[in-house]
2 protein chains.
Amino acid sequence: MATLKDIGIALGLSPATVSRALNGFPEVNAETRAKVKEAADRLGYRPNRAAQRLVTGKSGLVGMILDIQPDMSADQTFFEILTGLTAALANRDADLVLTVDQFDDPTTPYTRMIDRNLVDGFILNAPMPGDERIALLQELEIPFVVHGRSDPAADYPYYDIDNHAVPRDSVDLLTALGHRRIALLNGEAHFAFAAERDIGFQDAMSTYELPVPEAFVAHGALTENYGYTVALPMLAGRLGPRPTAVICASTLIAAGVLRAAQDMDLRVPEDISVIAHDDALPHTRARHFNPALTVTRAALRDACKPLANHLLDRISGAPASDLQTLVRAELIVRGSTGPAPLTEKDPWP
Amino acid sequence: MATLKDIGIALGLSPATVSRALNGFPEVNAETRAKVKEAADRLGYRPNRAAQRLVTGKSGLVGMILDIQPDMSADQTFFEILTGLTAALANRDADLVLTVDQFDDPTTPYTRMIDRNLVDGFILNAPMPGDERIALLQELEIPFVVHGRSDPAADYPYYDIDNHAVPRDSVDLLTALGHRRIALLNGEAHFAFAAERDIGFQDAMSTYELPVPEAFVAHGALTENYGYTVALPMLAGRLGPRPTAVICASTLIAAGVLRAAQDMDLRVPEDISVIAHDDALPHTRARHFNPALTVTRAALRDACKPLANHLLDRISGAPASDLQTLVRAELIVRGSTGPAPLTEKDPWP
DNA sequence: AAATTTATTCAAATCGATTTGGAGTTTTGA
DNA sequence: TCAAAACTCCAAATCGATTTGAATAAATTT
């Protein structure tokens, strides 16, 4: 494997000049630079990462630690993120080191990887309010970026969608259609995104002075099964008067709700409106549901580039405040939402 | 961060001695070694990976490139492997760099990662006969280990199960129970493991002088849906006389077959026997099927340690012939297999 | 007691890229 | 025309661990 010195010898130049030529420093003659590049190409030069790392103190590696849940509900999303992330990192010549969390304490794998001293920073996902991992990394002053936020007032780099607006936009649409009894099938309560959507939902409903009975807010994994099992008693009216609209945290949950509605002989959207948040995963297309699903849409894939870039910029010293991306999910109205049923047998409240 | 020199200064020793003391070389005084270890501990010494790598020429990183298929059938197995693999690598102080293949040519991501010059070797999975990736790595003399074999006569490090024996053991059991019309719902035909099982199945059947009509061997993804859709016409007798036993390439496929049998009002095992190969994934327990599933069992998790160790040994220079593990799946007879039905309305052939 | 081992330790070279502090040349400006 | 500025380029130091070749001290042998 050719080194900088080899190129220097071949061209009668010092390694310093060769290094500068290849790294685009201004103080090298254009002609020389061209010769150096040609020679590097010809000799098949590849910088030695270890040498670079030794002198720069950076490894070009970022870590990600997976907390694999038995229900494997996150698989689809995981692959989606992984694909985009590795591509975005490769664009900036960085790579991803992956480990699986097999400990009880969520911070253990982080301290272990930090001790092993091989990554420049971390990508965290699925933050929870008061997330211990974030506290740890902040204390150790190790660069990281979060997919999501542990708290709306996050002071670290992140990419997140406006989870407060997600249910609000849905409620706005539904109330405009005359709905007053609206249920929320949210994600698991310990995740920050779900907590934020709970708040957004409550806020929106109180804006319209609509009550939210306890039975109308559920938490669970983002699975079809959860949607089905929770919707069934709800739509059967076993939890009080049945909702005329259901807001789902994912399209899979909505699929479960649609199945439950079908089993109950309820028509969508005539009897019940369904709206979901859509991560735009490649193999669950809300548009192809029957009826086509009304959604708040924010493609998961969009998160990848900002996550990679924010982290790498942070590692290069950019201030956290410049590395915070908040996007608004797009409301897309399709066939699964319609006017509230006219025959209101159960006045509300 | 403390360095070897720091420890040397603190103890009045040279960095060379400190290095030897910590790395267990024999030529250092036991007393000195103890002092060095104590000091290293006290100063929180962590070897600088880049420096180690620069001088040893090894990175301590191994690469894995995922070819993510849209059907996402491999998810469960992927997480299982990932979990065990990262643990086994961590045991030997190595780490995993993961990338997703986003190219048409399967070798492209390998050449790219090789050019980026950061891993010591690769872990390959899902080999195909005449696998291009294997040819590339062999040509470049880059260490690798394969989960599976592209060919029974593989001359590289691997961990595999005896895929020839898998259907043979099943056929042995079924013929002993009197079955003569046996179908095979195999994996996708382009994978080496499926090809090998095809051969094992044909060989076993011809041992018993039993014919194998074309319609009795199917290939597809290891999904419940595939099992169901293929079994349905088979069990309906639409593809000729229906089989009395079905061998499935995975427990998920078997789940589909069981559902198809139920839909056709066929009892298992009275009307039809079902046997599957079982990867022993944590959340699909063959034992808890109804009826409990007869399987050839080889826990996927068992592959992880040998894979990691074979690769790391190969990187350290061990010969490939010492790094080949072949295991035999264990036949576990449960309730889904029984004597062939007595009333043979359709003599065979 | 002198010669030879053996046991410990050290100084210095090494890996390969980056970067600092100059040193020649050439160009520009007065 | 001469000094200052601008260009180019180089030598050498640096990052931190490993490893080679010696050197010193202690133990053993003759």
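Residues numbered from 1 in each chain as written. Chains lettered and ligands numbered in written order. Predicted model: local features only at pLDDT ≥ 70, side-chain atom pairs only at ≥ 80, totals over all residues. Heavy atoms only, no water.

A word on the overall build of chain A
Piece 1. For chain A, the helix and strand inventory stands at 12 helices and 12 strands.
Piece 2. By the compact-globule yardstick of 20 Å for 349 residues, chain A is too spread out, its C-alpha radius of gyration being 26 Å.
Piece 3. The C-alpha extent of chain A, read off along each of the three principal axes, is 90 × 40 × 35 Å.
Piece 4. Per-residue burial for chain A yields a buried fraction of 52% across its 349 residues.
Piece 5. Put simply, of all contacts in chain A between residues at least 6 apart along the chain, 69% involve residues at least 24 apart.
Piece 6. Accessible surface computed for chain A: about 15,700 Å², of which carbon and sulfur atoms make up 51%.
Piece 7. Side chains of chain A give 32 positive and 45 negative charges; the mean places of these two sets differ by 8 Å. (Helix = DSSP H or I, 4+ residues; strand = E, 2+ residues; numbered from the N terminus. Rg over C-alpha atoms; globule rule 2.2 N^0.38 Å. Buried < 20%, exposed > 50% of the residue type's maximum accessible area, 1.4 Å probe, protein only. Contact = heavy atoms within 4.5 Å. Areas by Shrake-Rupley, 256 points an atom, 1.4 Å probe, with all protein chains shown as cover. Lys, Arg positive; Asp, Glu negative; His and termini not counted. Charge placed at Lys NZ, Arg CZ, Asp CG, Glu CD.)

Some thoughts on the interface of chain A and chain B
Piece 1. Taken together, the contact pairs 38 residues of chain A with 38 residues of chain B.
Piece 2. A combined buried area of about 3,500 Å² lies between chain A and chain B, and 60% of that area is made up of carbon and sulfur atoms.
Piece 3. Interface area lost by chain A to chain B is led by A:Arg49, A:Phe79 and A:Arg116, which between them contribute 17%.
Piece 4. Between chain A and chain B we count 6 salt bridges in total.
Piece 5. Notably, a salt bridge pairs A:Arg46 with B:Asp115, separated by 3.9 Å at the nearest N-O pair.
Piece 6. The interface formed by chain A and chain B includes 9 residue pairs in polar contact (both at pLDDT 80 or more).
Piece 7. Elements represented by at least two residues in the side of chain A that touches chain B include exactly helix 4 (49–56), strand 1 (61–66), helix 5 (75–91), strand 2 (95–100) and helix 6 (108–116) of chain A.
Piece 8. Top element by residues in the side of chain A that touches chain B is helix 5 of chain A. It accounts for 9 residues.
Piece 9. The residue makeup of the side of chain A that touches chain B, split by class, is 20 nonpolar, 8 polar and 10 charged. (Buried area = accessible area lost by both parts, 1.4 Å probe. Salt bridge = Lys/Arg side-chain N within 4 Å of Asp/Glu carboxyl O. Polar contact = N/O pair within 3.5 Å; in protein donor to acceptor, adjacent residues only side chain to side chain. Nonpolar A, V, L, I, M, F, W, Y, C, P; charged D, E, K, R; others polar.)

What to know about the nonpolar core
Piece 1. Grouped together as the largest cluster of nonpolar side chains are 52 residues, with contacts concentrated most on A:Leu85 and B:Leu85.
Piece 2. Secondary-structure elements contributing two or more residues to this core are strand 1, helix 5, strand 2 and helix 12 (304–315) of chain A together with strand 1 (61–66), helix 5 (75–91), strand 2 (95–100) and helix 12 (304–315) of chain B.
Piece 3. Counting 36 residues, the second largest nonpolar core, distinct from the first, contains A:Val119, A:Val146, B:Tyr110 and B:Leu118. (Core = buried A, V, L, I, M, F, W, Y, C linked by side-chain atoms within 4.5 Å.)

A look at the domain arrangement of chain A
Piece 1. Taken domain by domain, chain A comprises domain 1 (4–47), domain 2 (61–161 + 301–327) and domain 3 (165–298).
Piece 2. Here the C-alpha centre of domain 3 of chain A lies 61 Å away from the C-alpha centre of domain 1 of chain A. (Domains from an automatic or database assignment.)

As for the protein's contact with DNA strand D
Piece 1. Taken together, 27 residues surround DNA strand D, and among them A:Ser14, A:Thr17, A:Thr32, B:Leu4 and B:Arg20 come closest.
Piece 2. What you see for DNA strand D is that sugar and phosphate hold 66% of its atoms within 4 Å of the protein.
Piece 3. One of the backbone N or O atoms of B:Leu4 is found 2.6 Å from a phosphate oxygen in DNA strand D.
Piece 4. Of all the elements in the fold, those that place two or more residues in the surface near DNA strand D are helix 2 (15–22) and helix 4 of chain A together with helix 2 (15–22) and helix 4 (49–56) of chain B.
Piece 5. Residue contributions to the surface near DNA strand D peak at 4 residues, all from helix 4 of chain B.
Piece 6. For the surface near DNA strand D, a count of residues per class yields 13 nonpolar, 10 polar and 4 charged. (Near = heavy atom within 4 Å.)

Here we look at the packing of aromatic side chains
Piece 1. Inspection of every chain in the model, using the stated rule, returns 14 aromatic pairs over all chains.
Piece 2. Look at A:Tyr156 and A:Tyr158: their rings are 6.5 Å apart centre to centre, the planes differ by 80°, and that puts the pair in the edge-to-face class. Both residues of the pair, A:Tyr156 and A:Tyr158, count as buried.
Piece 3. Their ring planes at 25° and their centres at 6.1 Å tell us that A:Phe191 and A:Phe193 sit as a pair that is stacked.
Piece 4. In textbook terms, an aromatic cluster arises when at least three aromatic residues are bridged by ring pairs, as seen for A:Phe78, A:Phe79, B:Phe78 and B:Phe79.
Piece 5. Positioned above the aromatic ring of A:Tyr228 is the side chain of A:Arg259, whose terminal nitrogen or guanidinium carbon lies 3.9 Å from the ring centre. (Phe/Tyr/Trp six-rings, centres within 6.5 Å; stacked < 30°, edge-to-face > 60°. Lys NZ or Arg CZ within 6 Å of the ring centre and 35° of its normal.)

What about the protein's contact with DNA strand C?
Piece 1. Near DNA strand C lie 26 residues; those nearest to it are A:Leu4, A:Arg20, B:Ser14, B:Thr17 and B:Thr32.
Piece 2. Backbone atoms, meaning sugar plus phosphate, form 66% of the atoms of DNA strand C positioned within 4 Å of the protein.
Piece 3. B:Thr17 is positioned such that a nitrogen or oxygen atom in its side chain is 2.8 Å from a phosphate oxygen of DNA strand C.
Piece 4. Contributing elements (two or more residues each) for the surface near DNA strand C: helix 2 and helix 4 of chain A together with helix 2 and helix 4 of chain B.
Piece 5. Ranked by residues supplied to the surface near DNA strand C, first place goes to helix 4 of chain A with 4 residues.
Piece 6. When grouped by side-chain class, the residues that make up the surface near DNA strand C number 12 nonpolar, 10 polar and 4 charged.

What about the relation of the copies chain A and chain B?
Piece 1. Mapping chain A onto chain B is achieved by rotating through 180° and translating by 0.1 Å along the same axis, at an RMSD of 0.1 Å. On this basis, the relationship between the two copies can be described by a two-fold rotation axis.
Piece 2. Take the interface residues of chain A: 100% of them recur as interface residues in chain B, which is what a same-surface contact looks like. (Least-squares fit on C-alpha atoms with pLDDT ≥ 70 in both.)

Some words on the sheet that holds strand 7 (residues 217–219) of chain A
Residue and element names in this part refer to chain A.
Piece 1. Read from one edge to the other, the open sheet built from 6 strands follows the order 7-6-8-9-10-12, with strand pairing classed as mixed. Looking at which strands have only one partner, the edges of the open sheet turn out to be strand 7 and strand 12 (330–332). Within this sheet the neighbouring strands show an average axis-to-axis angle of 15°, counted without direction.
Piece 2. As judged from the 3 bridges shared by strand 10 (residues 294–297) and strand 12, these two strands associate in the antiparallel manner. (Pairing = 2+ DSSP bridges. Axes fitted to C-alpha atoms, helices over the stretch in contact; angles between N-to-C directions.)

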